[in-house]
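# An overview of the molecular structure
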Amino acid sequence: MFKTRLVSILAGVALAALAGTAAQAQIKERNIRVSNGINEDHPVGNGVAKMKACMADKSGGKLKLQAFWGGALGGDLQATQALRAGTQEMVITSSSPLVGIMPELGVFDLPFLFSNEKEADTVLDGAFGKYISDKLPGFGVVNLSYWENGFRNLTNSKRAVSKADELTGLKVRVMQNNIFLDSFKSMGTNATPMAFGEVFAALETHAIDGQENPLVTIDTSKLYEVQKYLTMTRHAYTPFLALYSKKLWDQLSAEEQTILTDCSIVGRDEERRVSRELNDKSFENLKKQGMQVSEVAPAELTKMREATAAVYQRHEATIGKETIERLKADLAKIRGTN
Ligand code: TK8
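Quick caveat: nothing in here was measured; it's all calculated off a predicted structure.

What counts as what
- Residues numbered from 1 in each chain as written.
- Predicted model: local features only at pLDDT ≥ 70, side-chain atom pairs only at ≥ 80, totals over all residues.
- Heavy atoms only, no water.
- Core = buried A, V, L, I, M, F, W, Y, C linked by side-chain atoms within 4.5 Å.
- Buried < 20%, exposed > 50% of the residue type's maximum accessible area, 1.4 Å probe, protein only.
- Contact = heavy atoms within 4.5 Å.
- Helix = DSSP H or I, 4+ residues; strand = E, 2+ residues; numbered from the N terminus.
- Expected span 1.5 Å × (residues − 1).
- Bend = angle between axes of the 7 residues up to and from the residue.
- Phe/Tyr/Trp six-rings, centres within 6.5 Å; stacked < 30°, edge-to-face > 60°.
- Lys NZ or Arg CZ within 6 Å of the ring centre and 35° of its normal.
- Pairing = 2+ DSSP bridges.
- Axes fitted to C-alpha atoms, helices over the stretch in contact; angles between N-to-C directions.
- Near = heavy atom within 4 Å.
- Polar contact = N/O pair within 3.5 Å; in protein donor to acceptor, adjacent residues only side chain to side chain.
- Nonpolar A, V, L, I, M, F, W, Y, C, P; charged D, E, K, R; others polar.
- Parallel < 35°, antiparallel > 145°, perpendicular 65-115°, else oblique.
- Left-handed = near helix turned anticlockwise from the far one by under 90°.

Formed by 33 residues in total, the largest nonpolar core has its most connected members in Leu105, Val107, Phe108, Phe114 and Ile132. The residues touching valine 107, leaving out its near neighbours within four places in the chain, are Leu113, Phe128, Ile132, Ile319, Thr323, Ile324 and Leu327.

The residue aspartate 269 is located in helix 10 (residues 254-288) in this model. Residues aspartate 269 and glycine 47, 222 residues apart in the sequence, show an inter-C-alpha distance of 7.4 Å.

Take helix 11 (residues 298-314) next. Taking 1.5 Å of rise per residue, 17 residues should cover 24 Å, and helix 11 covers 25 Å from first to last C-alpha, within 8% of that figure. At alanine 307, helix 11 shows its largest kink, close to 30°. Within the span of helix 11, buried status applies to Glu300, Met304, Thr308, Val311 and Tyr312. Its buried side turned inward, helix 11 meets helix 6 (178-186), helix 12 (316-319) and helix 13 (321-335).

A word on the packing of aromatic side chains. In total, this model carries 6 aromatic pairs according to the counting rule given. With centroids separated by 5.8 Å and ring planes inclined at 40°, the aromatic side chains of phenylalanine 128 and tyrosine 131 adopt a geometry described as tilted. Residue phenylalanine 128 and its partner tyrosine 131 are located together in helix 5 (residues 127-133), separated by 3 residues, close to a single helical turn. A ring pair is formed by phenylalanine 151 and tyrosine 237, whose centres lie 5.1 Å apart and whose planes are at 70°; its orientation type is edge-to-face. With a gap of 86 residues between them, phenylalanine 151 in strand 4 (residues 141-151) and tyrosine 237 in strand 10 (residues 237-245) connect regions that are remote in the sequence. Residue phenylalanine 151 is classed as buried on the basis of its relative accessible area, which comes to 6%. Here the guanidinium or amino end of arginine 234 rests over the ring plane of phenylalanine 151, the centre of that ring lying 4.2 Å away.

This paragraph deals with the sheet that holds strand 2 (residues 63-68). The strand order 2-1-3-10-4 describes an open sheet built from 5 strands, whose pairing is mixed. Strands at the two margins of the open sheet, each flanked by one partner only, are strand 2 and strand 4. Neighbour-to-neighbour, the strand axes of the sheet open up by a mean angle of 20°, direction not taken into account. Summarising the sheet, strand 1 (residues 30-35) and strand 3 (residues 90-94) pair through 2 bridges and their orientation is parallel. Note that in strand 3 the partner of serine 35 across the bridge is valine 91. Taken strand by strand, helix 3 (residues 76-85) contacts strand 1, strand 3, strand 4 and strand 10, and its axis lies near 140° from that of strand 3. Lying over the sheet, helix 4 (residues 117-125) contacts strand 4 and strand 10, oriented at roughly 35° with respect to strand 10.

Within the structure, the ligand sits among Gly37, Ile38, Asp76, Ser94, Asn149, Arg152, Arg173, Met175, Phe196, Asn213, Thr217 and Phe240. Within the side chain of asparagine 149, an N or O atom sits 3.0 Å from an oxygen atom of the ligand. Within the side chain of arginine 173, a nitrogen or oxygen atom sits 2.8 Å from an oxygen atom of the ligand. For the shell around the ligand, a count of residues per class yields 4 nonpolar, 5 polar and 3 charged.

Now for the packing of helix 6 against helix 11. One way to put it is that helix 6 packs onto helix 11 with a least axis distance of 8 Å and a crossing angle of 150°. With respect to each other, helix 6 and helix 11 are oriented roughly antiparallel. Along this stretch, helix 6 crosses helix 11, giving a crossing that reads as right-handed. On the side of helix 6, the interface is formed by Ile179, Asp182, Ser183 and Ser186, while helix 11 contributes Ala307, Thr308, Val311 and Arg314. Grouping the amino acids of the contact of helix 6 with helix 11 by side-chain chemistry returns 3 nonpolar, 3 polar and 2 charged.

With that settled, consider the side chain of glutamate 256. Relative to the helices and strands, glutamate 256 is located in helix 10. Within the structure, glutamate 256 has its side chain in polar contact with the side chain of arginine 30 (distance 2.9 Å). Looking at glutamate 256, its side chain comes within polar contact range of the main-chain nitrogen of serine 253, at 2.8 Å. In contact with glutamate 256, not counting residues within four places along its chain, are Gln26, Ile27, Lys28, Arg30 and Leu63.

So this is what it looks like as structure tokens:
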């Protein structure tokens, strides 16, 4: 009795070990490069660290993640083109500069779309997020998961802005994205598209007056050194996409793909958690660094919303009516207004 049980236990152990070896055999030694436009102390750094540890753990140390920060491998758009060409594995990028590659992504750039992080998470991690992700391989990239860039706020070096009409004439950098360009022109600014990597220098030399980004980016990219005024507009929530080169993805085994997908979600959860925690700390730090904060009264926010309302219409054909309708229907469901 004891003997048979021992034999079967030993057999079980041997089988498990064999299965383990078989799975390990499907995992090769790989160095996966991931680039970012932001700095390592941005919450994406925390997410990448978690993802890296998770990959090492699940692959017995074979899958390595090597991160490049501050646009060291080029900006969002350039890095994404490298993924499409199969010369770089991964990028964590804003969706916004990629609308020239896949116009439907512009849906996330529509002004005043999401009201809070919970709405964004529900839409991005749900059926709508999948609907968008399913289209991305057609453009040469695989979206592992949606990370957080966050709600964006306006900064400038010219004057305190708390009213809609105080925006008039400000020279504001926007991402390389027609929807942002249109929104900021509609609000009366002199908007100009530019890659993120050029923003600090352009602000420093006063080639532009202002820019807009989430508080954690304004803080970790030290934009407070060249910007005096912060306006709490929360005019858009932009997601990050954790993209993998489709060409290189197709060369991975199913085990490797599963590890990458699962670990990107571990990274995403950490990144969102830290992003939300750091948001308040960044706000305090920006004030400590001498930035002057203006809140926008509800009536003034309404004016900004009204000024940009026609942006939805004007970009409907490019983004796709179905895509916009789907997202609006999801939001109505979440808000209980359908
Ligand atoms: C970082 C960017 C960036 C974005 C922008 O590469 O361009 O303003 O918000 O922070 O993805």
